[in-house]
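Working through the structure, step by step
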Amino acid sequence: MKDTLLTLLQQALTQLQQEGMLPEDFQPQLVLERTRDPAHGDFASNLAMLSAKVAKRNPREVAQAIVQALPAHPQVTKVEIAGPGFINFFISDSALTEVVGRILQQGAAFGRSDLGAGQKMQVEFVSANPTGPLHVGHGRGAAYGASVAALLDAVGFDIEREYYVNDAGRQMNILAASLWLRYLQACGETLVFPSNAYKGDYVQTYAQSLHARVGDQYRHASAAVFKEIPADEPQGGDKEAHIDALIARAQTLLGAEAYQEIFNLGLNAILQDIQQDLSEFRVTYENWFSELSLSTSGAIQTALDKLTSGGHTYQAEGALWFRSTAFGDDKDRCLVRDNGISTYFASDVAYLDHKLQRGFAKVLYVFGADHHGYIPRLQAACQALGHDLARLDFRLVQFAILYRGQERVQMSTRSGSFVTLRELRDDVGTDAARYYYVMRKADQHMDFDLELAKSQSKDNPVYYIQYAHARVCSVLRKLEASERLSALDTQQGLAHLTALESEYEKNLFSALNHYPEVLTRAAFAYEPHQIANYLQELASDFHTYYNAVKVLDEDAQVRNARLCLSLAVRQVLANGLSLIGVEAPEEM
RNA sequence: GCGCCCAUAGCUCAACCGGACAGAGCAACGGCCUUCUAAGCCGUGGGUUGCAGGUUCGAGUCCUGCUGGGCGCGCCA
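Predicted model only: the values in this text are computed from it and were never measured.

Side note on the overall build of chain A
Check the secondary structure of chain A and you find 21 helices and 15 strands. Principal-axis analysis of the C-alpha atoms gives chain A an extent of 90 × 70 × 40 Å. The 588 residues of chain A split such that 51% are buried. Sequence separation of 24 or more characterises 73% of the internal contacts of chain A that already satisfy a separation of 6 or more.

Things to note about the side chain of Ser222
Topologically, Ser222 is positioned in helix α8 (residues 222–226). Not counting chain neighbours up to four residues away, the residues in contact with Ser222 comprise Glu189, Thr190 and Leu191.

Here we look at the sheet that holds strand β11 (residues 362–368)
Across the sheet, which stays open at both edges, the 5 strands sit in the order β7-β6-β5-β11-β12 with parallel pairing between neighbours. This sheet does not close on itself; its edge strands, each paired only once, are β7 (287–290) and β12 (392–397). Ignoring strand direction, the axes of neighbouring strands in this sheet form an average angle of 25°. The pairing of strand β5 (residues 120–124) with β11 spans 4 bridges and is classified as parallel. When the sheet's bridge partners are listed, Met121 is paired in β11 with Lys362. Each of β5, β6 (158–165), β11 and β12 touches helix α5 (residues 136–154); the most contacted strand, β6, lies at about 160° to it.

A word on the protein's contact with RNA strand B
Residues in close proximity to RNA strand B total 65 residues, the closest being Phe86, Arg337, Tyr374, Tyr467 and Ser474. Among atoms of RNA strand B positioned within 4 Å of the protein, sugar and phosphate together represent 62%. In the model, a base nitrogen of RNA strand B is placed 2.5 Å from a nitrogen or oxygen of the Val549 main chain. One of the backbone N or O atoms of Met588 is found 3.0 Å from a base oxygen in RNA strand B.

Points about the UniProt feature "domain: Arginyl tRNA synthetase N-terminal" (unreviewed entry) in chain A
As annotated by UniProt and renumbered to match this structure, "domain: Arginyl tRNA synthetase N-terminal" (unreviewed entry) occupies residues 3–91. Taken end to end, residues 3–91 comprises 42% helix and 21% strand; its first and last C-alpha atoms sit 13 Å apart.

Looking at the domain arrangement of chain A
Domain annotation of chain A identifies domain 1 (2–91), domain 2 (170–280) and domain 3 (460–579). Measuring from the centre of the C-alpha atoms in domain 2 to the corresponding centre in domain 3 gives 56 Å.

Observations regarding the nonpolar core
Counting residues in each nonpolar core, the largest one holds 134 residues, and the members touching the most others are Trp180 and Leu512. The biggest single contributor to this core is helix α9 (residues 239–280), with 16 residues. Split by domain, the residues of this core number at least three in each of domain 2 (170–280) and domain 3 (460–579). Residue contacts for Trp180: discarding those within four places in its chain leaves Tyr218, His220, Val225, Ala250, Leu253, Leu254 and Ile262. Membership of the second largest hydrophobic core comes to 32 residues, among which are Leu304, Ile375, Leu378 and Leu385.

Overview of the pattern of salt bridges
Summed over the entire model, instances satisfying the criterion amount to 25 salt bridges. For the salt bridge of Asp93 with Lys506, the shortest nitrogen-to-oxygen distance reads 3.5 Å. Residue Asp93 is located in helix α4 (residues 93–106), and its partner Lys506 is located in helix α19 (residues 503–524); the two are separated by 413 residues in the primary sequence. When the shortest N-O distance is used, the salt bridge between Arg219 and Glu189 registers 2.9 Å. Placement of Arg219 in the loop between α7 (201–214) and α8 and of Glu189 in the loop between α6 (170–187) and α7 is noted, with a sequence separation of 30 residues between them. On the accessibility criterion, Arg219 (31% relative accessible area) is partly exposed. On the basis of relative accessible area, Glu189 is assigned to the buried category, the value being 16%.

As for the environment of Met121
Following the sequence through the fold, Met121 ends up in strand β5. Residues Met121 and Arg391, spaced 270 residues apart in sequence, show a C-alpha to C-alpha distance of 9.3 Å. Dropping the residues within four chain positions of it, Met121 is found in contact with Leu152, Phe157, Asp158, Ile159, Glu160, Phe360, Lys362, Leu364 and Tyr526.

Overview of the packing of helix α14 (residues 421–428) against helix α15 (residues 430–438)
The contact between α14 and α15 brings their axes to 7 Å, and the two run at 115°. As judged from the angle between their axes, α14 and α15 are roughly perpendicular. Residues Leu421, Leu424, Arg425 and Val428 of α14 form the contact with α15, whose own contacting residues are Thr430, Ala432, Ala433 and Tyr437. A breakdown of the residues in the contact of α14 with α15 according to their chemical character gives 6 nonpolar, 1 polar and 1 charged.

Structural notes on α9
Here α9 is 42 residues long, yet its end C-alpha atoms lie only 37 Å apart, well below the 62 Å a rise of 1.5 Å per residue gives. The largest bend in α9 amounts to roughly 115° and is located at Gly255. Taken from the residues just after α9, Arg282 is the one with a positive phi, measuring 65°.

Description of the packing of α4 against helix α21 (residues 556–579)
Where α4 meets α21, the axes come as close as 9 Å, and the angle between the chain directions of the two elements is 55°. When the interaxial angle is binned, α4 and α21 end up oblique. Pair α4 / α21 crosses with left-handed handedness. Contact with α4, carried on its side by Val100, Ile103 and Leu104, involves Cys564, Leu565, Leu567, Ala568, Gln571 and Val572 of α21 and no other residues of that element.

Conventions adopted
- Residues numbered from 1 in each chain as written.
- Chains lettered and ligands numbered in written order.
- Predicted model: local features only at pLDDT ≥ 70, side-chain atom pairs only at ≥ 80, totals over all residues.
- Heavy atoms only, no water.
- Helix = DSSP H or I, 4+ residues; strand = E, 2+ residues; numbered from the N terminus.
- Buried < 20%, exposed > 50% of the residue type's maximum accessible area, 1.4 Å probe, protein only.
- Contact = heavy atoms within 4.5 Å.
- Pairing = 2+ DSSP bridges.
- Axes fitted to C-alpha atoms, helices over the stretch in contact; angles between N-to-C directions.
- Near = heavy atom within 4 Å.
- Polar contact = N/O pair within 3.5 Å; in protein donor to acceptor, adjacent residues only side chain to side chain.
- UniProt positions renumbered as here; feature names shortened; annotations may be inferred.
- Domains from an automatic or database assignment.
- Core = buried A, V, L, I, M, F, W, Y, C linked by side-chain atoms within 4.5 Å.
- Salt bridge = Lys/Arg side-chain N within 4 Å of Asp/Glu carboxyl O.
- Parallel < 35°, antiparallel > 145°, perpendicular 65-115°, else oblique.
- Nonpolar A, V, L, I, M, F, W, Y, C, P; charged D, E, K, R; others polar.
- Expected span 1.5 Å × (residues − 1).
- Bend = angle between axes of the 7 residues up to and from the residue.
- Left-handed = near helix turned anticlockwise from the far one by under 90°.

Structure (structure tokens):
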């Protein structure tokens with residue numbers, strides 16, 4: 001319908017240009033908007049206002065001319081000029097109601113499209129270090145990334161979801177050392193746990209199960225472990241030096257093989273936990289990409305060679321640098337340290353190169369807001385590697401600031417004081433958590449009061465939407481149980497939709513017509529919150545309708561028409577909810 | 001100090017490419033269950049869109065400068 005109207009407008013525009021009212025070279029972007037107010041019709045165009053200046057007439061005069069030049073169309077019942085010069089289009093009832101039949105026929109496919117034309121696209125999100133369980137901060141990125149991926153899939157992109165596993169580097173060694181020290185405690189050794197080690201309970205849990213399995217096999221006397229180790233911070237030393245020395249000591253005492261086993265034990269246990277956690281949160285991935293694999297496969301070296309042969313690196317102070325400032329970054333970035341070890345950023349460059357070589361038309365990074373500083377350097381690397389910058393997209397997810405009532409909850413993985421995603425799910429449920437996370441724009445700061453989410457979970461808007469869905473199911477059950485009312489006759493219902501003329505029903509037809517556009521817009525803007533808002537409005541329209549009008553009317557034609565409309569609403573609610581990972585219950 | 005993000009009703013937030021009277025929910029107040037689920041509906045009150053300029057037919061939206069908040073600025077990961 002929208003396309004039809006745009007064509008009509010273009011024809012009118014062309015005619016006015018031929019008549020000389022508008023210059024031949026005037027090519028405004030034709031805009032057709034859904035109106036907010038039904039009094040303004042179904043669609044509105046601002047073409048006359050845009051043209052007023054070049055036409056040297058006032059907007060309403062131009063609008064008059066456009067309307068006169070507009071070809072007639074059977075489904076356009078009225079065209080009005082309103083306000084400062086809007087052209088309002090009124091669409092025929094049959095054009096609005098036919099959507100119901102389309103929805104019932106297409107089912108779960110309604111709203112989906114092939115605008116993405118099957119192009120390969122990657123969405124990388126969460127990618128939290130596997131050094132501990134996911135916390136509520138990761139939850140927002142998980143819910144957002146999964147929803148964006150679902151949206152892009154729905155508009156026809158070939159989506160690959162990926163989690164970048166930071167399984168290399170110092171943090172993982174700190175985890176391994178933490179695990180070993182906890183294991184030693186489980187063996188009965190007495191020691192002071194380092195201030196900079198991972199203190200979470202989960203480390204002790206893994207350590208105890210390790211001890212239960214292997215006994216004292218990896219045990220060393222506490223005195224030997226801490227012999228000549230530099231002092232920890234509480235003792236006036238340097239906590240970083242302290243933990244690094246303990247890592248080195250673990251490697252020496254255990255030997256490479258045993259150290260690796262403990263390292264892998266920690267990594268695998270946590271990774272498995274994260275995978276299960278996300279899966280229960282209805283967040284799944286096609287790929288779990290190992291950072292470690294980049295160095296073992298030689299990808300890092302290859303990427304560095306590419307940068308160097310392109311003339312984008314230089315040696316300074318014994319280290320290898322990337323001249324990212326040549327591409328607008330604040331400062332150049334170190335790739336290989338003076339001790340010969342490549343930096344985390346070198347892995348990032350190799351990973352980026354690897355991604356872009358995998359044939360994705362577009363690669364989307366979903367970052368926590370604290371990573372915004374990475375964008376310029378990754379964009380610099382993208383260009384230096386010879387890739388098209390347009391293939392790279394970034395979205396930042398602001399933190400959810402946690403409160404327990406009035407008190408702000410401080411979050412720190414290292415200290416072990418955080419609210420886990422799992423706790424949140426147990427508290428408020430997956431549906432409410434998924435919905436709550438994406439109902440706000442991702443770049444908007446969000447306050448998340450745990451007490452409120454828990455104590456007032458019944459007031460969570462997600463139930464409002466689910467309830468609308470359940471209500472339709474309930475009406476159907478009622479019909480089936482009825483001995484007096486005839487069974488649903490879809491054909492008859494569809495044939496009498498235009499008999500539904502209340503404001504409530506018109507609002508619903510209109511809302512249902514919007515859905516495909518909302519989905520498209522939300523997908524290309526990476527904004528799942530638009531789906532959440534739309535569903536809230538659709539549910540609201542339905543609840544209003546439900547309270548005002550009896551669906552199970554005595555008149556079979558009216559009843560079947562209303563049932564068809566209700567079924568269409570239910571279908572669209574279910575389609576939208578599935579995009580944001582929320583279930584559509586049949587009863588509540 | 002430099003950079004990125006943000007500021008809308010008492011609170012949490014919407015507002016499609018710059019459009020019509022800035023909208024919801026919560027909180028407050030008043031109504032609606034012998035009738036398809038009251039996790040619902042209807043009604044009332046609530047605003048100088050942080051401040052000051054600018055761009056234009058038109059600005060919450062774009063530009064500049066301020067104020068206030070978040071985050072980032074390692075040969076850490």
